[in-house]
Number of protein chains: 2
Amino acid sequence: MSDLVPLFQPKSVALIGASSNSKKYGYWTAKSLIENGFEGDIHLISRSGGEIFGHPTYPDILSVPGEVDLAIIAIAPKFILPVMEQCVEKGVKAAIVVSTGFGETGPEGKELERQMLEIARKGNMRVQGPNCMGTYSSAKSMNASIIDLAPGPMSLVLQSGNFGIDINFNAKSRNLGYSCWATIGNQMDMRFHDFVEYIESDDNTKVLLLYMEGLRVESEEDGRKFIQAAQKTAARVPIAAIKIGRSAAGARAAASHTGSLAGSEKVFDAALKQAGVIRVDSPGQLLDAAEAFSKCKPAKGKRIAILTDGGGHGVMATDFAEKFDLEAPVLSDATQEKLREVLMPHCPIKNPVDLAGTPEADMWVFDRCLDILLKDPDVDGVVIVGLYGGYADLSEEFRVLEMDVAKSMTEKIAAADKPVVMQSIYQPQHPECLEYISENGVPVFGEVDAAIRTMGLITQYSDVKKALAEEADGELPEMPADRKEKAAAIIASVRESGRSNLVETEARDILRSYGLDLTQDYLATSADEAAEFYNKIGGKVVMKIVSPDILHKTDAGGVALSIDSPEKAREAYERLVKNGLTYNSDADIFGVMMTAMLPAGVECIIGSSYDSTFGPTVMFGLGGIFVEILKDVSFRVAPVNMPSCRSMIREINGLKMLQGARGTKPCDLEALAEAACIISQLVTELQDIAEVDLNPVFAQEKGLSIADARIILHN
Amino acid sequence: MSDLVPLFQPKSVALIGASSNSKKYGYWTAKSLIENGFEGDIHLISRSGGEIFGHPTYPDILSVPGEVDLAIIAIAPKFILPVMEQCVEKGVKAAIVVSTGFGETGPEGKELERQMLEIARKGNMRVQGPNCMGTYSSAKSMNASIIDLAPGPMSLVLQSGNFGIDINFNAKSRNLGYSCWATIGNQMDMRFHDFVEYIESDDNTKVLLLYMEGLRVESEEDGRKFIQAAQKTAARVPIAAIKIGRSAAGARAAASHTGSLAGSEKVFDAALKQAGVIRVDSPGQLLDAAEAFSKCKPAKGKRIAILTDGGGHGVMATDFAEKFDLEAPVLSDATQEKLREVLMPHCPIKNPVDLAGTPEADMWVFDRCLDILLKDPDVDGVVIVGLYGGYADLSEEFRVLEMDVAKSMTEKIAAADKPVVMQSIYQPQHPECLEYISENGVPVFGEVDAAIRTMGLITQYSDVKKALAEEADGELPEMPADRKEKAAAIIASVRESGRSNLVETEARDILRSYGLDLTQDYLATSADEAAEFYNKIGGKVVMKIVSPDILHKTDAGGVALSIDSPEKAREAYERLVKNGLTYNSDADIFGVMMTAMLPAGVECIIGSSYDSTFGPTVMFGLGGIFVEILKDVSFRVAPVNMPSCRSMIREINGLKMLQGARGTKPCDLEALAEAACIISQLVTELQDIAEVDLNPVFAQEKGLSIADARIILHN
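Residues numbered from 1 in each chain as written. Chains lettered and ligands numbered in written order. Predicted model: local features only at pLDDT ≥ 70, side-chain atom pairs only at ≥ 80, totals over all residues. Heavy atoms only, no water.

Going by what an unreviewed UniProt entry lists, chain A is known as Acetyltransferase and is assigned to Paucidesulfovibrio gracilis DSM 16080. We quote the UniProt Sequence similarities (unreviewed entry) comment for chain A here in full: "In the N-terminal section; belongs to the acetate CoA ligase alpha subunit family." (UniProt positions renumbered as here; feature names shortened; annotations may be inferred.)

Listed below in structure tokens is the structure:
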């Protein structure tokens, strides 16, 4: 059972710091709890004594008769430690600290939080906050916040009380309410992943919304726990999130607002995607998502049909379909034939299906066309746009007709297996028929972009579910059983010599121990040996200086290509060593590495870096100008299975380069995915590793060649 | 004087087809005209006779006493021609045909329009429509539409009556009204450019809004007239436009909706930019633009300061600043010092300036901080976000205080020389202080994204004005005076030989006649001549087959590179001719062109194609993968001056490739701009040319080399 059951389903709560002074938080919280009709016992703790809202008060929690599941603490920081001790003594299972003046104020506050956490952990009491705006749970009609919250299908977890107010205004006007609502404050104990995990088993939640400023991270485990919890919950409940600090300036502002330095935004974005979380930009979009997921059926794919009364609105909807990653394909001949039977010859029927003013003569065309589109197996969802909802203004007859059509349409939509979203220019006036439709399973918007964007969110969630299932069942490439021991031994010897950067031969050995295929390399330690090795390798040979003190081999003149004779190998050896010493006279030169020159291919990069929020990551990109100028790279938090690696590769903008553009043959994408997958396992298993950089990797028609490899350990 | 003065400022109007039947258009239009209090004479024409709304009726327009400036025609198509004849006879200067059943219904309707246009042109009468929803003009309190429109600072020209209704709902809720409002219907006579031109001299218009589905084009002149009219008007009045059909599927849908095939969307987008029109996506954004431009001061640049009460809202605003092409830089030390004096130590002041809850103790911090930001010369605009507007709920004292602060802030904003835009989470509740601010020069939004996007529109217009002024004053590269004659002679000889595609030597001669620098070329017509020419050129030489029947020279094996001796030139000649005849045995081979091999550089493309809406265009892009895979190209409608060409080159995503990425020297951007500018002049002056393709052009540190040139004439 989740630790958060006592938070959202307490049998009894105690409000510590209850007050009859209407300027105090303890007054408003008591009022909320009582007026909202909490289905359990409310105990008010007040040092002032007396009754509050007709309830008796107790001087402290220990005086309360019977068990207390949840304590809501609204007292000044200086009193907090003994009160928490008392809560633990009383056997309280969860506490919400709404008071401010803790970690957010500086080092003293942080120290106080440390002591609070110690008490809570020892007493097995989970704590929400401090510095939060409380909690709401429709399961128990509990409103332990000071905001007017209503029951409904959303759950909302926020890192900002202000956004709680902001979103709630908007939610009220849309008749949307909450199953669970919580503000996490300083995340001293309960963090996003705790809430996300709890929601998985809350059947009342049809959609989970998050407003995030950043994860509180003490170890990379926190970042990963969030991903894992979200993956599990998102398989049942759609999760949509705002995460601020997306831009460089925004990240700087977030750092000065939250006081913490975040990891890379690119990684956070990738982590959300990997976690199955649908990222949106604004409170309005968050509620669009809530409306869609609480009302609509899931979509099987991205192909939408647009039914419009008004040509311009249909075209605009089609434009937005492309913008929001949907398709509005030409409808099948069979469907077009059926539409032609019910529509006048001048009505376009290819998609959009444009009623072109005919409803005035026969309102039922809406219903008939919708029926045809709902039954088309090649249509994954229907968006209705334009003028529906305004005919009632013309006459009473039209008003009745419009309602009848609305009823018939919603019945068909309820019986169908695909989502329907609607836009009407009359929505801002809230006509009766649109209110009816909105209450019966169809989100109705006033603007075309909002309607289409929302349909996009619905299909996005279908993709999320598919990707999560694939990844969960996904395989790993085969890797040698003794990989970890072999690699650990190499790392140990590097550490022993006091280094944290591996030379290329060491990096190659680690990669080989994980099953990656690299050409044989030879470390020549003299010109004679270089000539000897040349004879072993033959053909064209690459030679590179090997020294922990020379990281940028090319800059140091430490690389020679196309060596094609023992004499040239000898000469090159002397030259590279000399260049190396000129570059850095103190360099410890291990020798010169020699390998067969690799066949060319499409230049790629596979790498890993360490993110302060999520730990080791894996990265893929196209090399050369693509990475240098276009920053065309994709990320995942390690470890990942093959399905994630495949989608990571498909994500880059320059994918066509790998698919056989410019007359070349397609590259072996599977080999690239396998290499990325192995790197993700390697950095997960070998926690010493801070950075891996395989650059360039040449992708070929079959397989790939790793032309250069760098590994750096944590300091 | 604009032909549209009688449309928007008529002294007298006649409504032909006035009716007392409330199901008829002629009833509703009469009602609108009369109830809106038209400031002139209203004459109602009705064949049924009698009074309508207490006004007498006339059997026809000829029976009306005195002059009639404007006729509004609401009669069936079959009666239209004699009625238009009568209007002309009466000396009517402008007509609005609101009836439907014309060109939009098919060939018969189109023929009817042709005849109507003939009558109108002969009689010097301009016509709006047919198939439109009428016109509104606040100058004369004339509402010749059936929609309830109010006076205000916007003008709106629409290609869809439905969007007129849609936008008007939204406008009403924002207290925004119109100076001029018109639906252009089938654009038989009056087109977008006529309206745009008129607005230039309408002082009541503070912002012009367009809803476009496509331009009606009979010749490329129509497209260019729109650009020219918009450029002129946009220099005084900001123009914002929706243009639907942006996506491929949307363009298909638009074609089936409007019945016309549009030109390239990329060119339309470029044309709008060139015309100084700010493109938006939705009716909501159109009104955001209207609000911004009717309320705010212009911005001098993109640097905004964000003043927030609520950290999260500040960070979100900063994120959106990047998205909407604004900058939120760290404020100057001087400004930070001043802010520190008025703010508590825990308030972030770098930008965003976060009041962090302090207004509850001292509401005037809003005003003081705003004052400091308005006075900072490094701040081009201020966006206020977060919680302002909700304090009134706490107490009467706070309500008074909040209003006082609102008054003081708006006074400061009125006195300042920069725009201020606001977002408040309380905006949906319309509190008194926010209403006051909104009525006094500050757009107030409920969502952060809308506020920042709107500030982005304000700065975009500053860029537009700057670009228009630069382009108007912009120079052209020097071109030879006899260029047109020389080029025309070449084209004439090509035409004479019955061809429409030029061989490369001809294309090169045309380019040279316009002053472009190409290496000398020699046309060898025998192997001996090839050897001879080699000796003239020396070094490394390129040889290419020259035949109007071989367009793809490389595919035909018709190109030889790096020829470095007379013998090789001789051999190459024989081989290329043989290859050419193998490729196409009927090919008329003019010979083999020989040029010195060009120094390499960054591969670019400069070209021109003919757009069905706007005529000749000019295009610039990076070659190779950039154009093939990333479609990284920019367009302008020809002709353009140097400033437009410079910005066209700066627009491409891969610009860094030309600025010296990867350790190379920056390329000569000015030479690229000059070449593009010359091509734009060339295709404008030589209307025979359908297509120009300089590909590749090698951009070098100084100058450029044109390595291949194709020119194709119109058929």
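Resuming the write-up.
The next subject is the domain arrangement of chain A. Domain parsing of chain A yields domain 1 (4-293), domain 2 (305-471), domain 3 (520-596) and domain 4 (602-713). The centre of domain 1 of chain A, based on its C-alpha atoms, is set 61 Å off from the matching centre of domain 3 of chain A. (Domains from an automatic or database assignment.)

On to the packing of aromatic side chains. Residue and element names in this part refer to chain A. Tallied over the entire structure, the rule returns 24 aromatic pairs over all chains. For the ring pair Tyr 391 and Phe 398, a centre distance of 6.0 Å and an interplane angle of 40° mean the geometry is tilted. Across this residue pair, the class does not change: Tyr 391 and Phe 398 are buried. Counting every residue linked through ring pairs, the aromatic cluster contains Phe 8, Phe 195 and Tyr 198. (Phe/Tyr/Trp six-rings, centres within 6.5 Å; stacked < 30°, edge-to-face > 60°. Buried < 20%, exposed > 50% of the residue type's maximum accessible area, 1.4 Å probe, protein only.)

This paragraph deals with the interface of chain B and chain A. Every contact between the two is made by 63 residues of chain B and, on the other side, 63 residues of chain A. Both sides of the chain B and chain A interface together cover about 4800 Å² of buried area, and 64% of this is carbon and sulfur. Connecting chain B to chain A are two salt bridges. The residue Lys323(B) makes a salt bridge to Asp281(A) at a minimum N-O spacing of 3.2 Å. At the junction of chain B with chain A, the criterion picks out 21 residue pairs in polar contact (both at pLDDT 80 or more). Counting only elements with at least two residues in the side of chain B that touches chain A, the list comes to helix H5 (161-173), strand E12 (239-243), helix H8 (248-258), helix H10 (283-295), helix H11 (311-323) and helix H21 (625-628) of chain B. Looking at the side of chain B that touches chain A residue by residue, the class counts come to 28 nonpolar, 18 polar and 17 charged. (Contact = heavy atoms within 4.5 Å. Buried area = accessible area lost by both parts, 1.4 Å probe. Salt bridge = Lys/Arg side-chain N within 4 Å of Asp/Glu carboxyl O. Polar contact = N/O pair within 3.5 Å; in protein donor to acceptor, adjacent residues only side chain to side chain. Helix = DSSP H or I, 4+ residues; strand = E, 2+ residues; numbered from the N terminus. Nonpolar A, V, L, I, M, F, W, Y, C, P; charged D, E, K, R; others polar.)

Another point: the pairing of strand E5 (residues 94-97) of chain B. Residues and elements named next belong to chain B. Burial along E5 is two-sided: Ala 94 and Ile 96 and Ala 95 and Val 97, pointing in opposite directions, are all buried. The pairing of strand E4 (residues 70-73) with E5 spans four bridges and is parallel. Considered in E5, the bridge of Ile 72 is made with Ile 96. Chirality of the crossover, the property in question, places the unit of E4, helix H3 (residues 80-90) and E5 among those that are right-handed. By the bridge criterion, three bridges tie E5 to strand E6 (residues 126-128) in an arrangement that is parallel. Residue Ile 96 lies in a different strand from E6, and its bridge partner there is Gln 128. Taken together, E5, helix H4 (residues 107-122) and E6 constitute a β-α-β crossover, and its handedness is right-handed. (Pairing = 2+ DSSP bridges. Right-handed = clockwise from strand over helix to strand, strands pointing away.)

Another point: the sheet that holds strand E4 (residues 70-73) of chain A. Residues and elements named next belong to chain A. Judged by pairing direction, the sheet is parallel, and its six strands sit side by side in the order E3-E2-E1-E4-E5-E6 without closing on themselves. Across the chains shown, the open sheet's two edge strands, defined by having one partner strand only, are strand E3 (57-58) and strand E6 (126-128). Against the sheet, helix H3 (residues 80-90) contacts strand E1 (12-16), E4, strand E5 (94-97) and E6, and its axis sits at roughly 170° relative to E4. (Axes fitted to C-alpha atoms, helices over the stretch in contact; angles between N-to-C directions.)

On to the relation of the copies chain B and chain A. For the pair chain B and chain A, the superposition axis carries a translation of 0.1 Å, the fit reaches an RMSD of 0.1 Å, and the rotation angle comes to 180°. The operation mapping one copy onto its partner corresponds to a two-fold rotation axis. The share of interface residues of chain B whose copies in chain A are also at the interface is 100%, consistent with both copies meeting through the same surface. (Least-squares fit on C-alpha atoms with pLDDT ≥ 70 in both.)

Per the counting criterion, the structure on display carries six cavities of 30 Å³ or more. Of the pockets and cavities examined, the largest cavity occupies roughly 110 Å³. Forming the walls of the largest cavity are 13 residues, and the residues nearest its centre are Leu502(B), Val503(B), Glu504(B), Ile550(B) and Lys553(B). Going through the elements one at a time, strand E20 (541-546) and strand E29 (709-713) of chain B are the ones with two or more residues in the lining of the largest cavity. Taken as a whole, the second largest cavity encloses approximately 90 Å³ of empty space. Around the second largest cavity, the lining residues are Leu502(A), Val503(A), Glu504(A), Ile545(A), Val546(A), Ser547(A), Ile550(A), Leu551(A), Lys553(A), Ala709(A) and Arg710(A). Elements with a contribution of two residues or more to the lining of the second largest cavity: strand E20 (541-546) and strand E29 (709-713) of chain A. Of the residues belonging to the lining of the second largest cavity, the class tally is seven nonpolar, one polar and three charged. (1 Å grid on protein atoms, 1.4 Å probe; cavity = no way out; pocket = protein on both sides within 12 Å on 5 of 7 lines; lining within 4 Å. Points joined across faces, edges and corners; volume = space filled by probe spheres on them.)

The next point concerns the nonpolar core. Within the largest apolar cluster, 153 residues are counted, with the highest numbers of intra-cluster contacts made by Leu210(A) and Tyr388(B). Residue contributions to this core peak at seven residues, all from helix H13 (residues 365-375) of chain B. Dropping the residues within four chain positions of it, Leu210(A) is found in contact with Val157(A), Phe192(A), Val196(A), Phe226(A), Ile239(A), Ala240(A), Ala241(A), Ile242(A) and Leu286(A). Ile306(A), Val382(A), Phe398(A) and Ile458(A) belong to the second-largest nonpolar core, a separate cluster that totals 152 residues. (Core = buried A, V, L, I, M, F, W, Y, C linked by side-chain atoms within 4.5 Å.)

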